[in-house]
Amino acid sequence: MAGLLEHPGYDEERLKRAAEQLPCREVQAGMLLSLMGEPHQYCYPSIFIYGHRASGKSHVINVLMKELELPHATLSCVECVSVALLFEQVLRSFFGCDVASLLPRSPSLTDFVRIYRQQSPARQTRYIVMEKAELLRDADANLLPALLRLQELVEDNVTVILLSEIVWDTFRPNTGCFEPLLLHFPDYSKVELQQILSQDRHPSFSAELYSFYVSVLLGVFYSVCRDLRELRHLAALNFSKFCEPLAEGKVKETDTHKLWKNIEPHLKKAMQTVYLREVSSLQWEQMQQMEEETGALKGLSAHTHVELPFYSKFLLIAAYLASYNPARTDKRFFLKHHGKIKKTNFLKKNEKTTNHLLGPKPFPLDRLLAIFYSVVDGRVAPTASIFSQISSLVTLQLLAQVSHDDQLDSPKYKCAVSLEFICNISRTVNFDIMKYLYDFL
Ligand SMILES: Nc1ncnc2c1ncn2[C@@H]1O[C@H](COP(=O)(O)OP(=O)(O)OP(=O)(O)O)[C@@H](O)[C@H]1O
Ligand SMILES: [Mg+2]
């Protein structure tokens, strides 16, 4: 299944082992190998690799460095808070602690270059891999340009590989500098994610079964989350649940329909926490266990309220009402003295009960605020923090901002939580939301 990596100068067995660990990254790995050339040849002075989170940048480099046993120093720009640390780590990785200790107390670039040049020259290319390279932009202005042409400064076969989520254009200093070679890592497609995740299978289960599990998982989560790390975490988290009917002997491995029916509701429930992460994987497992023990199916949403501030809960409730009630009914629900509204007018036959089936509708900010002030009622609301709380709800993906380019000044929102979720939230603030939902009157 794994593609081939080929390059003269490297051991074939090793290349094969590397290729096996790099599914869906054969092209990028092959490209890197051809940039690197044979070990004793000089490589291009600097390579800039960019791509979104979890697109395999570090993975590809690590596998190549490790499997091909290339001399390298990997450092994270997050950890190297000072250039002194950076220089020290490079010297230590290449030449050992003794050489690293030659650096003066607060070393300059010149000190580093001088000490490096005193060492024996490389017999094969040395690599300096810098993770989170975007942080170099905040460092001393000379550092980045120097790293990009370090090969020339130290007169040695050394190459600097920068890894970043950000494009090169935002790095280039306005004084200009040596241009690195750019290599883009595209996002993984759904098919690729399927292939990569399927490799994690447990040896006691068949490849077909695990691959089926991954496809169910992707079917549920792919629309909201494409992050390989997150998906892998979710896959590990929910697999035991998936296997339950198998372990109990209720279902056979080949009965995929039954397996799917068992796991899908469970996954949908887990979806509410994809990015919230208000529970750690451990907590989530404990919660599931507790539910099973008590037999009460509370659902994850019952726990989520804990994190929200008091008024945010009311904002969310107001948003839910605005999303699911027709605007025309606001008067009846929220105006204290609304006069006479004919019942027959109010309850239009077809409109009723369908709002929840149709999904949330967008609403403008002023409608949200009007409903909010009405539902908080006597519980004096602080106006100042309301807007920041709305944007927090958007960040948490409990509200979705539906923006139109031509309507910058009047943002519209949609409520993105389920009925069960909002009922639980309402319960915590003693608000009987059912009385205010048009569909359930
Ligand atoms: N092609 C792949 N095959 C197997 N595992 C992969 C592959 N690509 C990435 N991974 C795994 O996914 C995780 C994230 O990948 P990696 O750390 O390489 O991402 P990254 O591009 O460096 O992201 P970041 O910008 O956040 O550092 C790692 O655990 C890695 O092992
Ligand atoms: Mg990385």
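Before reading on, note that the structure itself is shown above.
If you're wondering where the values come from, they're calculated on a predicted model, not measured in any experiment.

**Considering the site of ligand 1**
Here's step 1: Around ligand 1, the structure places 18 residues, and the nearest of them are Pro23, Lys57, Ser58, His59 and Tyr188.
Here's step 2: Gly56 places a polar main-chain atom, nitrogen or oxygen, 3.1 Å from an oxygen atom of ligand 1.
Here's step 3: Side-chain polar atom of Ser58 to an oxygen atom of ligand 1: 2.6 Å apart, as the coordinates give it.
Here's step 4: Bound to the protein, ligand 1 loses 84% of the 630 Å² it would expose on its own.
Here's step 5: Elements represented by at least two residues in the shell around ligand 1 include exactly helix H3 (57-67) and helix H11 (228-247).
Here's step 6: For the shell around ligand 1, the class distribution of residues is five nonpolar, six polar and seven charged.
Here's step 7: Each of two domains, domain 1 (2-184) and domain 2 (190-275), supplies a minimum of three residues to the shell around ligand 1.

**Details of the nonpolar core**
Here's step 1: Among the nonpolar cores identified, the biggest contains 39 residues, and Leu316, Ile317, Leu321, Ile390 and Ile433 are the most heavily contacted of them.
Here's step 2: Listing elements by their share of this core, those giving two or more residues are helix H15 (310-324), helix H16 (330-334), helix H19 (365-376), helix H20 (386-395), strand E8 (412-415) and helix H21 (419-428).
Here's step 3: Here this core takes eleven residues from H15, the largest share from any one element.
Here's step 4: With near-sequence residues (within four places) excluded, Leu321 lies in contact with Phe334, Arg367, Ile371, Val375, Phe431, Ile433, Tyr436 and Leu437.
Here's step 5: Core analysis: the next-biggest nonpolar cluster, separate from the first, contains 33 residues, Ala73, Leu86, Val90 and Leu144 among them.

**Overview of the packing of H19 against H20**
Packed helices, taken two at a time, are described by the angle their axes make and the gap between the axes.
Here's step 1: For the pair H19 and H20, the least separation of the axes is 13 Å and the interaxial angle reads 110°. Taken together, the axes of H19 and H20 are roughly perpendicular relative to one another. The hand of the H19/H20 crossing is right-handed. Residues Leu365, Leu368, Leu369, Phe372 and Tyr373 of H19 pack against Ile386, Phe387 and Ile390 of H20.
Here's step 2: Its residues placed into classes, the contact of H19 with H20 shows eight nonpolar, no polar and no charged.

**Quick look at the environment of Arg172**
Here's step 1: On the secondary structure map, Arg172 appears in the loop between strand E4 (158-164) and strand E5 (181-184).
Here's step 2: According to the relative accessible area criterion, Arg172 is partly exposed, its value standing at 36%.
Here's step 3: C-alpha separation for the pair Arg172 and Leu144, spaced 28 residues apart in sequence, amounts to 9.1 Å.
Here's step 4: Within the structure, Arg172 has its side chain in polar contact with the side chain of Glu179 (distance 2.7 Å).

**Some details on the sheet that holds strand E1 (residues 46-50)**
Here's step 1: The strand order E2-E3-E4-E1-E5 describes an open sheet built from five strands, whose pairing is parallel. At either end of the open sheet lies a strand with only one pairing partner, and these are strand E2 (72-76) and E5. For this sheet the average axis-to-axis angle between neighbouring strands, irrespective of direction, equals 20°.
Here's step 2: With five bridges connecting them, E2 and strand E3 (residues 126-131) associate as parallel partners. Paired with His72 across the bridge in E3 is Tyr127.
Here's step 3: Seen against the sheet, helix H4 (residues 83-95) touches E2, E3 and E4 and runs at an angle of roughly 155° to E2.

Criteria and thresholds
- Residues numbered from 1 in each chain as written.
- Chains lettered and ligands numbered in written order.
- Predicted model: local features only at pLDDT ≥ 70, side-chain atom pairs only at ≥ 80, totals over all residues.
- Heavy atoms only, no water.
- Near = heavy atom within 4 Å.
- Polar contact = N/O pair within 3.5 Å; in protein donor to acceptor, adjacent residues only side chain to side chain.
- Areas by Shrake-Rupley, 256 points an atom, 1.4 Å probe, with all protein chains shown as cover.
- Helix = DSSP H or I, 4+ residues; strand = E, 2+ residues; numbered from the N terminus.
- Nonpolar A, V, L, I, M, F, W, Y, C, P; charged D, E, K, R; others polar.
- Domains from an automatic or database assignment.
- Core = buried A, V, L, I, M, F, W, Y, C linked by side-chain atoms within 4.5 Å.
- Buried < 20%, exposed > 50% of the residue type's maximum accessible area, 1.4 Å probe, protein only.
- Contact = heavy atoms within 4.5 Å.
- Axes fitted to C-alpha atoms, helices over the stretch in contact; angles between N-to-C directions.
- Parallel < 35°, antiparallel > 145°, perpendicular 65-115°, else oblique.
- Left-handed = near helix turned anticlockwise from the far one by under 90°.
- Pairing = 2+ DSSP bridges.

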